[in-house]
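Residue strings, one per chain:
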Amino acid sequence: MSSDAVAHAIRELVIANRILAREDVIDDFGHVSLRHPERPDRYFLSRSRSPVAVTSDDIMEFELDGTPIAQNGRRIYSERAIHSAIFMARPEVRAVIHHHARPVIPFTVTKLPLKPVFHMGSVMGAEVPMWDSQDEFGDTNMLVDDLPRGHSLARALGQNRSVLLARHGACNVGVSLRAAVFTAVYMKDNAAMVLASLPFGPVTYLTPGEVEKTATMLLSDMPLARAWDYWITRAGFGGV
C-alpha cells in the first residue's frame, strides 16, 4: 500500500505534467520525473502518454537504471535514460524535465547563447551548456534512449540546472519538483524574450551576480508556492 508521502508525490507529478502542458513547455512529447520520496534509488515517471492527459494511474515506478518495477504491459518512454542518468549523477536532484519548448529550439540550432535577460529567467542559470550527441555518437535517431547517451548528457549538465540538447530540446532539474517546473517555465519565457528583443538591437543580459542572487530568492519557498498556486489554477486544479 502506498504511503501518504508516495500518494502525495504521485499527485504532484500528475499536476506537474498538466502544468507543463498548460504553460506550453511540454507538448505531445516530453516528460517529467520525480525521485521516490522514500526510495532515492527509484523514481516516478508516467507511462508513455501525452503529458496533458496523464493521471495517477499512469504513474510508474522505476529503478535508477530505468527498469520498471511493474510494467504490466504498459508502454514506457524510451528517453527515460535521461532521468535515470541525471538521478544517478546528481543525488540532490529530486525532479527532471525534458521538453521541446518552441522558443528554446532556436538556441539549439544556432550559436546564439541562451542566457537570462530578465529576472525570472535567472533560475535557468547564468550559462546553459549545450550537449551534442554528434560529439560522441555520430548520427543517431536524436533520442536519448540508452544509458551511454544519458550519462553523456548528464556530464554536459554538470552541476547546472539546465542543459540544451543540440537540434532537439532541453532539460531542467530541481531540488524539488516545483523548482524544476519553475525553471522550465521561465527558461521558455526567457528564450521568447530574447528572440523578441533581438530585432531592436544588442541584448543586455543579467550579470552572474544578479543571476545568483535573484535565482536564490526565486527558488525559495514563498515564490515557488505563489507560482504553483497560479499554475495549478490555470491547469484546472485550483481550490484542490
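For every chain, the first residue of the written sequence is number 1, and numbering continues from 1 along that sequence. Per-residue local features are limited, in this predicted model, to residues with pLDDT of at least 70; the limit for side-chain atom pairs, both in listing and counting, is 80 or more; totals at the level of whole chains, interfaces and linings are taken over all residues. Heavy atoms from the whole structure form the basis of all side-chain values; hydrogens and water molecules are not counted.

As recorded in an unreviewed UniProt entry, the protein goes by the name HCOMODA/2-hydroxy-3-carboxy-muconic semialdehyde decarboxylase, listed as coming from Falsiroseomonas stagni DSM 19981.

Draft legend 1. Geometry of the overall build of the protein. Helix and strand assignments follow DSSP, with helices taken as H or I runs no shorter than four residues and strands as E runs no shorter than two, numbered in order from the N terminus. When helices and strands are counted, the protein shows 7 helices and 7 strands. Sequence-ordered secondary structure for the protein, helices as α and strands as β, is α-β-β-β-α-β-β-α-α-β-β-α-α-α. Rg of the C-alpha trace for the protein: 17 Å, near the compact-globule value of 18 Å for 240 residues, within the 12% margin. Summarising its shape, the C-alpha atoms of the protein cover approximately 55 × 50 × 30 Å along the three principal directions. C-alpha atoms define the radius of gyration, and 2.2 Å times the number of residues to the power 0.38 defines the globule rule.

Draft legend 2. Examining the UniProt feature "domain: Class II aldolase/adducin N-terminal" (unreviewed entry) in the protein more closely. UniProt positions are given in the numbering used here, feature names are shortened, and annotations may be inferred rather than shown by experiment. Here the UniProt-annotated "domain: Class II aldolase/adducin N-terminal" (unreviewed entry) positions come out as residues 11-195. Annotation note: span residues 11-195, helix share 30%, strand share 17%, distance between end C-alpha atoms 35 Å.

Draft legend 3. Region of the structure containing empty space enclosed by the protein. With a 1 Å grid spanning the protein atoms alone, the term cavity applies to any set of points in which a 1.4 Å probe fits but cannot get out, the term pocket to an open set with protein on both sides within 12 Å along at least five of seven lines, and the term lining residue to any residue with an atom within 4 Å of a point. Grid points are joined across faces, edges and corners, and a volume is the space filled by probe spheres set on the points. Per the stated rule, a full pass over the model turns up 1 cavity of 30 Å³ or more. Space inside the largest cavity adds up to approximately 40 Å³. Forming the walls of the largest cavity are W131, D132, S133, M142, L165, A166 and H168. Here the residues of the lining of the largest cavity sort into 4 nonpolar, 2 polar and 1 charged. Amino acid classes used here: Ala, Val, Leu, Ile, Met, Phe, Trp, Tyr, Cys and Pro are nonpolar; Asp, Glu, Lys and Arg are charged; the rest, including Gly, are polar.

Draft legend 4. Region of the structure containing the pattern of salt bridges. For salt bridges, the criterion is a side-chain nitrogen of Lys or Arg within 4 Å of an Asp or Glu carboxyl oxygen. The tally for this structure, following the rule as stated, stands at 14 salt bridges. With its nearest N and O atoms 2.8 Å apart, the salt bridge here joins D58 to R49. Note on classification: 1.4 Å probe, protein chains only; a residue is buried when its accessible area is under 20% of the maximum for its type, exposed when over 50%, partly exposed between these limits. Since its relative accessible area comes to 4%, D58 is described here as buried. Linking R155 and E136 is a salt bridge whose minimum nitrogen-to-oxygen distance equals 3.3 Å.

Draft legend 5. Focus on unusual backbone geometry. Look at M142: it is not a glycine, yet its phi comes out positive at around 75 degrees. Turning to its location among the elements, M142 is positioned in the loop between α3 (134-137) and α4 (147-157). Its relative accessible area of 29% is what places M142 among the partly exposed residues.

Draft legend 6. Local environment of the sheet that holds strand β1 (residues 31-35). Pairing within the open sheet is mixed, and its 7 strands lie in the order β3-β2-β1-β4-β7-β6-β5. The strands lining the two open edges of the sheet, one partner per strand, are β3 (59-63) and β5 (130-131). Note on contacts: a residue pair qualifies if any of its non-hydrogen atoms lie within 4.5 Å across the two residues. Every axis in this analysis is a line fitted to C-alpha atoms, fitted for helices over the stretch in contact. Angles between the N-to-C directions lie between 0 and 180 degrees. Across the sheet, helix α5 (residues 177-197) is in contact with β1, β4 (95-99), β6 (162-165) and β7 (169-174); its angle to β7 comes to roughly 145 degrees. Each pair of strands is called paired provided DSSP finds at least two bridges between the two strands.

Draft legend 7. Inspection of the packing of aromatic side chains at higher detail. Between 30 and 60 degrees the pair is tilted, below 30 it is stacked and above 60 it is edge-to-face, where a pair is any two Phe, Tyr or Trp rings, Trp via its six-membered ring, whose centres lie within 6.5 Å. Using the criterion set out here, one finds 6 aromatic pairs in the structure. Ring plane angle 45 degrees and centroid distance 6.3 Å describe the contact between Y186 and W231, whose orientation is recorded as tilted. Residue Y186 is located in helix α5, and its partner W231 is located in helix α7 (residues 221-234); the two are separated by 45 residues in the primary sequence. Each of the two residues, Y186 as well as W231, counts as buried. Taken together, F118, F182, Y186 and W231 form an aromatic cluster joined through their ring pairs. It is K115 that lies over the ring of Y205; its NZ or CZ is 4.6 Å from the centre. We call a charge positioned over a ring when the NZ of a Lys or the CZ of an Arg lies within 6 Å of the ring centre and within 35 degrees of the ring normal.

Draft legend 8. Inspection of the environment of H99 at higher detail. Inspection of the secondary structure puts H99 in strand β4. Residues H99 and Y205 lie 106 residues apart in sequence; the distance between their C-alpha atoms is 24 Å. A 3.5 Å cut-off defines polar contacts: any pair of N or O atoms within that distance qualifies, except that in protein one atom must be a possible hydrogen donor and the other a possible acceptor, and neighbouring residues in sequence count only when both atoms are side-chain atoms. Among the polar contacts listed, one links the side chain of H99 to the backbone nitrogen of A101, at a separation of 3.2 Å. Within the structure, the side chain of H99 is placed 2.9 Å from the side chain of N172, a separation counted as a polar contact.

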